[in-house]
Amino acid sequence: MALVRRGDAVRMNVTYEGVAPLTIIISPAGSGPCLLETRHLSFRYEGTTITAQQERILRSIAGRLGDATFDEIAQKVPEEDQERGAVDPEEIVDRGVVTVEQWGAPDAWRRFVFRREFERNASSALRVTGRRVVTVSHGESECQYATPAIDARSMSLFCYPWIRPLAHVPNAPAPERSIPSFITTDMRDADIITGGAAKLDAVLDALADRTCEGDVVVVRSTCMPHVIGDDMQESVRRWSGRGDIIYDDVFAPAGRDLTAELLAAAIDSGKRRKRRGSSVALAGIAPGPALVELEGLLVEAGIDVVSALVPRIDLERARDWRRAAVQVLVPDPYRDALYESVFRPLPLETIEPPTPHGVADTRRWLEAIARSVGREAEMRRAWKRRMRRCAAERRRLRQDAAGVRLGFVVDADECAALGDPVKMAGVPVLGVVCEMGFGIDLMVYGDGPAPDDRPGVEIHRFDDRESLQRLMRDLPCGAIYSDLYCDARITAAGKMPFCLQLFEPGLEGAVRTAERLVGACRADFYRKYGTHGRTH
Amino acid sequence: MSKKRIERIVFLGKGGIGKSTILTNLSTIYAQMGRKVLFVGCDPKRDATMLLMSRTDIPTVIDQLIRTNDVRLEDVLLEARSGIHCIEAGGPEPGVGCAGRGIARMLEFFTESELLERNGYDTVLFDLLGDIVCGGFATPLRKGFGEKVFIVVSDELMSLYAANNIARAVVNCAPNGVVLGGLVANLKDAKADERMIGRFARKLKTRVVATLRRDARFRKAEYRRLTLAEHAPDCETVKNLGKLARKVLRIDPARIEPPTPMDDKTFYELSRREFSR
């Protein structure tokens, strides 16, 4: 089926196997003679006759459109000749938010940022470390192909920012060495029909005899048990008396957040530990070279880092949390609920300086921490020393960055989001790459204002799929942003996709980020071979 | 040689309205007429199959699936009195799992085993539970399964509301060749407003194909684990059921227009006036 708007009517071309093609003309009710009229719509057909089968189809479509108004339909249907993409009538019936999950959404061709995908899977970034972890995935085995990858070595459809950096990226830290034990309940048809909670209970019962003291069991839900109504939280609650258990919900947790409870209990268990003077506890920076560097800079300034948690959940280090004089929470939209339930209620001074991505913000972040514990002068000296050490590298990368350009594709009203860390998984992407000296090609859909007037940013408008493809192919940018794994729209244009996985916090992290981005722009693989993978 | 036509009949309606009672009786009557009948139970309660089989331990497709992860026809296809073949989907314990998926899985089994085609049935009756609440419960309305849908109603408002919803499902499934054969009024109240049901039927662009009234013999037959057609074959109610059985067969799906269900607002507005305008 294909829909197109012509004047005051929507034309729907319908083809069914074994039935002659039919064009249905939908217009507002009362707009003239018609075959069928619903509350808001009138239905005609093109031609002079209609077969019984065709009429049955027409009535079926009218029934499915229910009480939709003409305006509701018309606003989702492109003008004839303006946009060639076929629109599935399902989209008109479904008036929900258009997301990547809706296959064939009318704006899918110009979506390159998938925040909702990150949001709904954010809990998978939380990692319990320092203990043996047994993950129980409750769902179908096949589901593992669509949910976020378990580690940096497995593949996913999306470039989840917390699986970072990729193993093939220069200077990437080694992937986690300890592969957690992984069990799937492997739901089968019979489990779906009769309910899967009993199977989850059986797996957990079996685990009770096989886990050791100190092990942490993570129960990770998939979609299917939610659809059939398995009460997983109850299974987890029942088991919680037997050991440490975390419920990692694929959707927002509806009730108790056991991850938060476990973490809060571990922090609380260390409340009698002695507080240290100029000490801080950090939340929101993933383990890796960036955390090592930032901790090192703080230590150089005489600031002791007593604990660093989230997304790593180290229950041993959590016991030291309350020894800190100040807790530092790195702003992260996906962690805010955890901050609110676990960290902000603690009787500790709390600061939340802007996220340390890029050189300037890293400096501001360190200065804010130093100020909070009275170590500003020491921090200034430490910063200078570190800047001197990487000055040559930065100069070289700035020169390299100045010679290449990065591309972004956004709707006009989404431009500001590119520079907003709250909207971009904690990374102010546009600000960081501008600071590094990259030229930016901002491909903007629609006529709305594109407010970003940073130096080096050039705005290019597009109105349809073809003009976007032309821009992606012809603009000088060497790499284009997309959260989709190996985005074929970009590779077919001969460009390299890049994503948040390349971005690291910290000063040296900024240097490594710039190096990766320059490398992405210069890689000519897709320039040479991208057309071979072109899809339609 | 032309392919044998299989009458594929589905009875739907609000829970407790009498679908299973009517359908078990129709099955018996069809078998008495010499037709080769398959009765398909899609209700986790499996009460209709129990009645036809005079036993309570009914092996179901889902039971077999749980037990062996495989289903063999000989394990689930049962022969009842009068030679009626019965197959029962079964389902989960109340409050867990997905009964709709159970029904869908059974129909997948029908396709895999070519059950309808291979056994030479000429009449297949689907007994579904209650309202069509989701896609799983609508699988019997997919291509190749149900064809003639009948909705059992009473003069109670919510039974008509459910009927209107079911008519929507019929519209959605119309491209599969599903038609609404009509309404069957099953009236427990002697003073029930029969004409109001007729007006409601006209709003849906369908008709009332039979009106059945309360008959205490139904209950007596059930206690004897018999259908009324077996318990009191000569009574007036069974004669009416016989008329319904023949009428159902005479309906030509090609000549039936899709129904015109109302949106909820219209339904409630019209129901205030008992569908008089």
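Numbers given to residues run from 1 along each chain, matching the order in which its sequence is written. Ligands are numbered from 1 and chains lettered from A, in the order in which they are written. The model is predicted, so local features are restricted to residues of pLDDT at least 70 and side-chain atom pairs to those at 80 or more, both for listing and for counting; the totals for chains, interfaces and linings are taken over all residues.

For the purposes of this entry, the term helix denotes a DSSP run of H or I that reaches at least four residues, the term strand denotes a run of E that reaches at least two, and both are numbered from the N terminus. Assigned secondary structure in chain B consists of 12 helices and 8 strands. Residues with at least 20 neighbouring C-beta atoms inside 10 Å of their own are called buried, those with 12 or fewer are called exposed, and the rest are partly exposed, where every C-beta is derived from the backbone. For chain B, with 277 residues in total, the buried portion stands at 49%. We call two residues in contact if the C-beta atoms placed from their backbones are at most 7 Å apart. If you take every contact in chain B between residues at least 6 apart in sequence, the share linking residues at least 24 apart comes to 77%.

Attention now goes to the overall build of chain A. Summing up its helical and strand segments, chain A has 19 helices and 20 strands in all. Counting every position in chain A, which comprises 536 residues, the buried fraction comes to 43%. The long-range share in chain A, meaning contacts at least 24 apart out of those at least 6 apart in sequence, stands at 65%.

All right, on to the sheet that holds strand S20 (residues 496-498) of chain A then. Residue and element names in this part refer to chain A. Note on pairing: two strands pair once DSSP finds at least 2 bridges between them. One open sheet accounts for 5 strands, arranged S18-S17-S16-S19-S20; its pairing is parallel. Because the sheet does not close on itself, it has two edges, and the strands there are strand S18 (457-462) and S20. Looking at each pair of strands side by side, their axes are set apart by 30° on average, direction ignored. Direction of pairing for strand S17 (residues 439-445) relative to S18: parallel, over a ladder of 6 bridges. Bridging from a neighbouring strand, aspartate 441 pairs with glutamate 458 of S18. Along the sheet, helix H16 (residues 465-474) contacts strand S16 (405-411), S17, S18 and strand S19 (479-481); its crossing angle with S18, the most-contacted strand, is approximately 150°. Note on definitions: angles span 0 to 180 degrees between N-to-C directions of axes, and those axes are lines fitted to C-alpha atoms, for helices only across the stretch in contact.

Residues and elements named next belong to chain A. If you trace the backbone, leucine 58 turns up in helix H1 (residues 52-65). Expressed as a C-alpha distance, the spacing of leucine 58 and threonine 23, which sit 35 residues apart in the sequence, is 9.4 Å. Contacts of leucine 58, omitting those with residues within four sequence positions, involve Leu22, Ile24, Leu35, Leu36, Phe43 and Tyr45.

Moving on, we come to the interface of chain B and chain A. On the chain A side, the residues contacting the 22 residues of chain B number 20 residues. Polarity classes work like this: nonpolar for Ala, Val, Leu, Ile, Met, Phe, Trp, Tyr, Cys and Pro, charged for Asp, Glu, Lys and Arg, and polar for all others, with Gly in that last group. Residues of the side of chain B that touches chain A, tallied by class, amount to 12 nonpolar, 5 polar and 5 charged.

A set of buried Ala, Val, Leu, Ile, Met, Phe, Trp, Tyr and Cys residues, joined to one another through C-beta atoms within 7 Å, is what we call a nonpolar core. A:Val280, A:Ala283, A:Ile369, A:Val433, A:Ala479 and A:Leu517 are the most contacted members of the largest nonpolar core, which has 118 residues in total. Looking at this core element by element, the count peaks at 7 residues for helix H18 (residues 507-522) of chain A. Contact partners of A:Ala479, with chain neighbours within four places excluded, come to A:Leu406, A:Gly407, A:Lys495, A:Met496, A:Pro497, A:Phe498, A:Leu517, A:Ala520 and A:Cys521. With 91 residues, the next largest nonpolar core counts B:Leu65, B:Val124, B:Ala138 and B:Val238 among its residues.

Turning to the pairing of strand S5 (residues 123-128) of chain B, a few remarks are in order. Residues and elements named next belong to chain B. Here S5 lies mainly inside the structure; 6 of its 6 residues are buried. Relative to S5, strand S1 (residues 7-13) runs parallel, the two being bridged by 5 bridges. Its bridge partner lying in S5, glutamate 7 is registered against threonine 123. Sheet analysis places strand S2 (residues 37-42) next to S5, joined by 6 bridges and oriented parallel. Within the sheet, the bridge partner assigned to cysteine 42 lies in S5 and is leucine 128.

Turning our attention to helix H3 (residues 61-68) of chain B. Owing to its 3.6 residues per turn, the α-helix brings residues three or four apart onto one side. All names here are of chain B. Every buried residue of H3 is accounted for by Val61, Ile62 and Leu65. Down the axis of H3, the sector holding all buried residues measures 100°, keeping them to one side. Seen from the open side of H3, the exposed residues pointing more than 90 degrees away from its buried face are Arg67 and Thr68. Looking one or two places after H3, you find asparagine 69, whose phi comes out positive at around 60°. The directions from the helix axis to the C-beta atoms are what the arc is built from.

Residue and element names in this part refer to chain A. Overall, the prediction assigns chain A a mean pLDDT of 82, with 85% of residues at 70 or greater. For chain A, the element scoring lowest by mean pLDDT is helix H3 (residues 89-93), at 41; S19 scores highest, at 97. The predictor attaches a confidence to each residue, and that confidence, scored 0 to 100, is pLDDT. In the predicted structure, residues 82-102 sits below a pLDDT of 50 and forms 37 contacts with residues beyond four places in sequence or in another chain.

Residues and elements named next belong to chain A. Any helix carries an expected span of 1.5 Å times its number of residues minus one. Counted at 1.5 Å a residue, the expected span for helix H10 (residues 289-300) with its 12 residues is 16 Å, and the 16 Å between its end C-alpha atoms agrees. Considered for burial, the residues of H10 that qualify are Ala290, Leu291, Glu293, Leu294, Leu297 and Leu298. Summarising the axial view, the buried residues of H10 lie within an arc of 165°, below the 170-degree limit, and thus occupy one face. Turning to H10, the residues buried within the fold contact strand S11 (279-283), strand S12 (304-309), helix H13 (359-372), helix H14 (376-402) and H18.

What follows covers the sheet that holds strand S14 (residues 326-329) of chain A. Within a sheet, adjacent strands bond to each other through the backbone by hydrogen bonds, running parallel or antiparallel. Residues and elements named next belong to chain A. Reading across from one edge, S12-S11-S14-S15 is the order of the 4 strands in this open sheet, with parallel pairing throughout. Looking at strand neighbours, the two that pair on one side only are S12 and strand S15 (349-351), the edges of this open sheet. The average angle at which neighbouring strand axes cross in this sheet is 25°, direction not considered. Pairing analysis gives 4 bridges linking S11 to S14, with the strands arranged parallel. Looking at S14, one finds that leucine 282 is bridged to valine 328. Packing of H10 onto the sheet brings it into contact with S11 and S12, and relative to S12 it is tilted by some 155°. Packing against the sheet, H13 makes contact with S11, S14 and S15, and its axis sits at approximately 165° to S15.

As a further point, take unusual backbone geometry. Residue and element names in this part refer to chain A. Here valine 310 and proline 311 are connected by a cis peptide whose omega angle stands at 5°. The residue proline 311 is located in the loop between S12 and strand S13 (312-314) in this model. Its identity as a non-glycine residue notwithstanding, valine 310 has a phi of 65°, on the positive side. Mapping valine 310 onto the fold places it in the loop between S12 and S13.

What follows concerns the environment of A:Ser31. Along the chain, A:Ser31 turns up in the loop between strand S3 (19-28) and strand S4 (36-37). Residues A:Ser31 and A:Ala9 lie 22 residues apart in sequence; the distance between their C-alpha atoms is 9.8 Å.

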